[in-house]
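Residues per chain are reported as follows:
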Amino acid sequence: MQSAQQVWCVVTGTWQKTQVGGSSVSRKRLTPNDRKVDSDDMASSMPVMPDSCNWFSPVAESRQRAFTRSQRFGVWIEIDGARLLNFSSNDYLGLSFHPAVQQAAIETIRHDGFGSGASRLVSGDDPLLHELEDALARWKEYEAALVVGSGMLANIGLLNALAQRGTHLFCDKLNHASLVDGARLARSATHRYAHLDLAGLERSLETHPASRRIIVSDGVFSMDGDCADIHALMQLAETCDALVILDDAHGLGTVGPGGRGLAAEAGVQGHARLIEVGTCGKALGAYGAFILGSSEIIEGLRQRCRTMIYSTALPPCAPSAALAALKVLQEESLPQKLQENVKLFLHLAQQAGLPFVASRTPIQPLILGSDEAALQASSRLREHGFFVSAIRPPAVLEGTARLRITVSAAHKVEHIKNLVKALVMVINT
Ligand SMILES: Cc1ncc(COP(=O)(O)O)c(C=O)c1O
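Sequence positions are assigned chain by chain, starting from 1 and proceeding in written order. Totals for whole chains, interfaces and linings use all residues, but because this is a predicted model, local features are given only for residues with pLDDT of at least 70 and pairs of side-chain atoms are given and counted only at 80 or more.

Trainee: Sorry, what's going on with the nonpolar core here?
Mentor: A set of buried residues drawn from Ala, Val, Leu, Ile, Met, Phe, Trp, Tyr and Cys, joined through C-beta atoms within 7 Å, is what defines a nonpolar core. Field definition: a residue is buried when 20 or more other C-beta atoms are found within 10 Å of its C-beta, exposed when 12 or fewer are, and partly exposed for counts in between, with C-beta atoms placed from the backbone. Counting 117 residues, the largest nonpolar core has A145, L146, L158, I291, A321, A322 and A325 as the members making the most contacts within it. Helix numbering and strand numbering both begin at the N terminus, where a helix is a DSSP run of H or I of at least 4 residues and a strand a DSSP run of E of at least 2. If you tally residues by element for this core, the top one is helix 11 (residues 317–331), at ten residues. Domain extents, as shown, originate in an automatic or database domain assignment. Residues lining this core come from more than one domain, with at least three contributed by each of domain 2 (63–92 + 362–428) and domain 3 (97–331).

Trainee: Teacher, can you tell me more about the site of the ligand here?
Mentor: Lining the immediate surroundings of the ligand are 14 residues, of which S150, G151, H176, S222 and A249 lie closest. Residue contributions to the shell around the ligand peak at three residues, all from helix 4 (residues 151–162). Throughout this entry, Asp, Glu, Lys and Arg are counted as charged residues, while Ala, Val, Leu, Ile, Met, Phe, Trp, Tyr, Cys and Pro are counted as nonpolar. The remaining residues, Gly among them, count as polar. Across the shell around the ligand, the residue classes break down as three nonpolar, nine polar and two charged. All residues are tested the same way: a C-beta atom is placed from the backbone, and lying within 6 Å of a molecule or strand makes the residue near it.

Trainee: Looking at this model, I keep getting lost on the sheet that holds strand 5 (residues 70–73). Mind explaining?
Mentor: Pairing between the strands of a sheet comes from backbone hydrogen bonds, and it takes one of two forms, parallel or antiparallel. Spatial strand order, 5-6-7-16: four strands in an open sheet with mixed pairing. At either end of the open sheet lies a strand with only one pairing partner, and these are strand 5 and strand 16 (386–387). Sheet topology places strand 6 (residues 76–79) next to strand 7 (residues 82–86); four bridges connect them, and they run antiparallel. Residue pairing for strand 7: E78 is matched across the bridge by R83. A pair of strands counts as paired when DSSP detects no fewer than two bridges linking them.

Trainee: Help me out: how do you make sense of unusual backbone geometry in this one?
Mentor: A negative phi holds for most residues other than glycine; trans holds for most peptide bonds. The amide bond that connects P393 to the next residue, P394, takes the cis arrangement and shows omega of 10°. Position of P394 relative to the elements: it lies in the loop between strand 17 (390–391) and strand 18 (401–406). Positive phi is not limited to glycine here, since D80 has a value of about 50°. Considering the arrangement of structural elements, one finds D80 in the loop between strand 6 and strand 7.

Trainee: I would appreciate a short explanation of the confidence of the model for the protein chain in the present structure.
Mentor: When pLDDT drops low, the exact placement of atoms in the prediction is not to be read closely. pLDDT is a per-residue confidence score from the predictor, ranging from 0 to 100. Summary statistics for the protein chain give a mean pLDDT of 90 and a share of 88% for residues scoring 70 or more. Here, residues touch in the contact sense if the C-beta positions derived from the backbone fall within 7 Å of one another. Confidence over residues 1–5 falls short of pLDDT 50; this stretch has twelve contacts with residues more than four positions distant or in other chains. Taken together, the stretch residues 18–39 has pLDDT below 50 and engages in 30 contacts with residues farther than four places along the chain or on a different chain.

Trainee: Looking at this model, I keep getting lost on the pairing of strand 14 (residues 289–293). Mind explaining?
Mentor: Walk down a regular strand and you will see the side chains alternate between the two sheet faces. The element strand 14 is largely enclosed, with a buried count of five among its five residues. Residues A289, I291 and G293 line one face of strand 14 and the alternating positions F290 and L292 line the opposite face, and both faces are buried. In the sheet, strand 8 (residues 144–148) pairs with strand 14 via five bridges, with the strands oriented antiparallel. Within strand 14, the position partnered with A144 by the bridge is G293.

Trainee: Looking at this structure, how should I read the sheet that holds strand 18?
Mentor: Strand order in this open sheet of three strands is 15-18-17, and the pairing throughout is antiparallel. Pairing within the sheet leaves two strands with one partner each, and these edge strands are strand 15 (363–369) and strand 17. Axis lines are fitted through C-alpha atoms, for helices just across the contact stretch, and the angle between N-to-C directions can take any value from 0 to 180 degrees. Helix 13 (residues 371–383) rests against strand 15, strand 17 and strand 18 of the sheet, and its axis sits at about 35° to strand 18.

Trainee: Quick question: what am I supposed to make of the packing of helix 2 (residues 99–112) against helix 11 here?
Mentor: Two numbers describe a pair of packed helices, the interaxial angle and the distance between the axes. Close contact between helix 2 and helix 11 brings their axes to 8 Å; oriented N to C, the two are set at 155°. The angle between helix 2 and helix 11 falls in the class roughly antiparallel. When you trace helix 2 past helix 11, the crossing you get is right-handed. Seen from helix 2, the contacting residues are A100, V101, A104, A105, T108 and I109; seen from helix 11, they are C317, S320, A321, L323, A324, A325 and V328. Split into classes, the residues belonging to the contact of helix 2 with helix 11 amount to eleven nonpolar, two polar and no charged. An angle counts as roughly parallel when it lies under 35 degrees, as roughly antiparallel when it exceeds 145, as roughly perpendicular when it falls between 65 and 115, and as oblique in every other case. Handedness of each helix crossing follows the sense of rotation of the near helix against the far helix: counterclockwise by less than a right angle gives left-handed, clockwise gives right-handed.

Right, dumping it as structure tokens:
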């Protein structure tokens, strides 16, 4: 009789399915590139994982994540041969397709090649990274900036570098996963307060009078599109002698004067207690992320931010594209155009009686409750020619599955009008 087992393969670093029949073990055929390991040696020296050992707990069908193979063309997206209008992208200003951004990246690749070849502290410290840091620090009015590989890496590296043992972190419960994971990895104590609950945060600060305290919050919240009250957070920080880490990944280019984000809107940009995180992969249409703060903080991060120190630097074409995007953003008043589109969408949605929650940002969630309702609405929108992905737990709270609609400056008035019409048909029938 044959039974299935899995055996660890030291060459491929994966579990290989085996058929065990009598005393012989026949391994699943490996790909031609895999070096074969003697099966007897392997079976005797390596641990055997019985099939009954579940490495991942089962995922309910309505929670299964799946890649959607797709190709973007500006505000359009092609899926399974169908061209749909994309209302599910963080390319809020349409800059990823802007000719100046494309040209900058292409020229840099021609001149510098693609990969950076090493981490910044070894030999990957391209001058364009410094140029981008200077440009961002100037535009956002901070003393200094540090460019990091991505927003995920920025938040994990920042929290790990800053939050030592004895530090207390005070985190909004709906913070982005990168802040949640950064707090988990840090050696500090973490206290979570209810979403936007300033009184709760104040109570928590009062009951944990540690000498090193950091308030950690998204600026524009990624799944709800609502905004932290930066003014109030800074006041609490002042009273409690704390720092504030503000991840305004979705605020850059979308809110505040000239798209400079929530801190600039509150007039607290560059404050000595404020450390801001932003990304280049959303409104700037490029890739990478940055941390802004005082010169001391940024120098400290150069010494201690492990996700920068131990990771290959961004390819030079990434800061090149981000620099070009920053220039276009300022020259073409794109954040203003985006705000006009957001207002138009809100006006039409309100007129149509669609139950949107209050958000003045391009992130417009339509909360439908069950996973099935969100999936069905997303699929029906596709039939009407629109791509809006269904967001389900654990990305959002249980019972709040939703359509997360994102408006872009690149959408035309007709696109927005037609989306609202399609939403009405999908929601009301
Ligand atoms: C608030 C927030 N912070 C950080 C990130 C991570 O940024 P990146 O995609 O550059 O890793 C995201 C990404 O979606 C985000 O929404």
